[in-house]
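Each chain is listed here by its residues.
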Amino acid sequence: MKAVILAGGLGTRISEETSTRPKPMVEIGGKPILWHIMKTYSHYGINDFIICCGYKGYVIKEYFANYFLHMSDVTFDMSKNSMEVHQQYAEPWRVTLVDTGEDTMTGGRLKRVAPYLQDEDAFCLTYGDGVSDVNITKLIEFHRAHGLQATLTATYPPGRFGALDIHPDQRITAFMEKPKGDGGLINGGFFVLSPKVIDLVANDQVIWEREPLETLAKSNQLKAYSHGGFWQPMDTLRDKNHLEELWQSGKAPWKVWA
């Protein structure tokens, strides 16, 4: 199965990091968040990726063009104009990078990569700026079992502030640091889709989360896979710093690979 990753947005809410690179290339633990997402899929045996590039897409192309060097120790002998690569390491990935336009909306980006999906019975789709410990194998099994056109991973939004239970006499009786949201499930990405859904996208200006998903819901072709585990988007610098702290702690919940 192939995985499509939306990686073309401007990332305006984290402009401190995205003035020189697209948001999926913002690093967590020295690796782009895009790499973390791909490592998650790869852990579950999905190694064929289609990356929807847009804003500063050349940065993503250059990263993968030089991936072998990024991941290896290298000796350059300037006098001999030679290069020796040490401790060679490569991922089992096949990566197709598609320029889907700088101003294209999420649905339009999906439509632009349709030619790469025409022989698939189903494919994965997610955003290039969020990580999770969702079990991709179980997600795909759930999708195949219900037989509809689309599956959306429903999850709880991460909390941003500590929650207090305060007694009438002002004693704090309970404290929870960054609890999950108020109980309402949200779209966490990590879709599994039939290529038929692409027919619901008319042009570049269609937003995937609006007309296509609304149509699928109304026609009873959309099911939710509930995920109660870790999920965190990187919308702001605060989110980025939180993910970095988790990674540096050695206990990053989304690191499901060895």
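Residues numbered from 1 in each chain as written. Predicted model: local features only at pLDDT ≥ 70, side-chain atom pairs only at ≥ 80, totals over all residues. Heavy atoms only, no water.

**Quick look at the pairing of strand 1 (residues 2-7)**
Alright, step 1. Where burial is concerned, most of strand 1 is hidden: 6 out of the 6 residues are buried.
Alright, step 2. Taking every second residue as pointing to the same face, both faces of strand 1 are buried, with Lys2, Val4 and Leu6 on one and Ala3, Ile5 and Ala7 on the other. (Buried < 20%, exposed > 50% of the residue type's maximum accessible area, 1.4 Å probe, protein only. Helix = DSSP H or I, 4+ residues; strand = E, 2+ residues; numbered from the N terminus.)

**What about the pattern of salt bridges?**
When the charged atoms of two side chains with opposite charge come close together, those side chains can pair.
Alright, step 1. Here the structure, examined in full by the defined rule, presents 9 salt bridges.
Alright, step 2. Arg94 is the partner of Asp48 in a salt bridge, and the nearest nitrogen-oxygen pair spans 3.8 Å. Taken as a pair, Asp48 in strand 4 (residues 48-53) and Arg94 in strand 7 (residues 94-99) lie far apart in primary sequence, 46 residues in all.
Alright, step 3. On the basis of relative accessible area, Arg94 is assigned to the exposed category, the value being 52%.
Alright, step 4. In this structure, the salt-bridge partner of Asp121 is Arg144, at a minimum N-O distance of 2.9 Å. Within this pair, whereas Asp121 is found in the loop between helix 5 (106-112) and strand 8 (123-127), its partner Arg144 is found in helix 6 (residues 136-146), the two being separated by 23 residues in sequence.
Alright, step 5. In this structure Asp121 comes out as exposed when scored by relative accessible area, which is 53%.
Alright, step 6. A single salt-bridge network, built from bridges that share partners, covers Arg13, Lys23, Asp129 and Asp235. (Salt bridge = Lys/Arg side-chain N within 4 Å of Asp/Glu carboxyl O.)

**Digging into unusual backbone geometry**
Alright, step 1. Backbone geometry at Lys56 places phi at a positive 50°, although glycine is not the residue there.
Alright, step 2. Structurally, Lys56 is set in the loop between strand 4 and helix 3 (57-65).
Alright, step 3. Positive phi, normally seen in glycine, also occurs at Asn220, with a value near 60°.
Alright, step 4. Following the sequence through the fold, Asn220 ends up in the loop between helix 7 (211-218) and strand 15 (222-227).

Nothing here speaks to function; it is geometry throughout.
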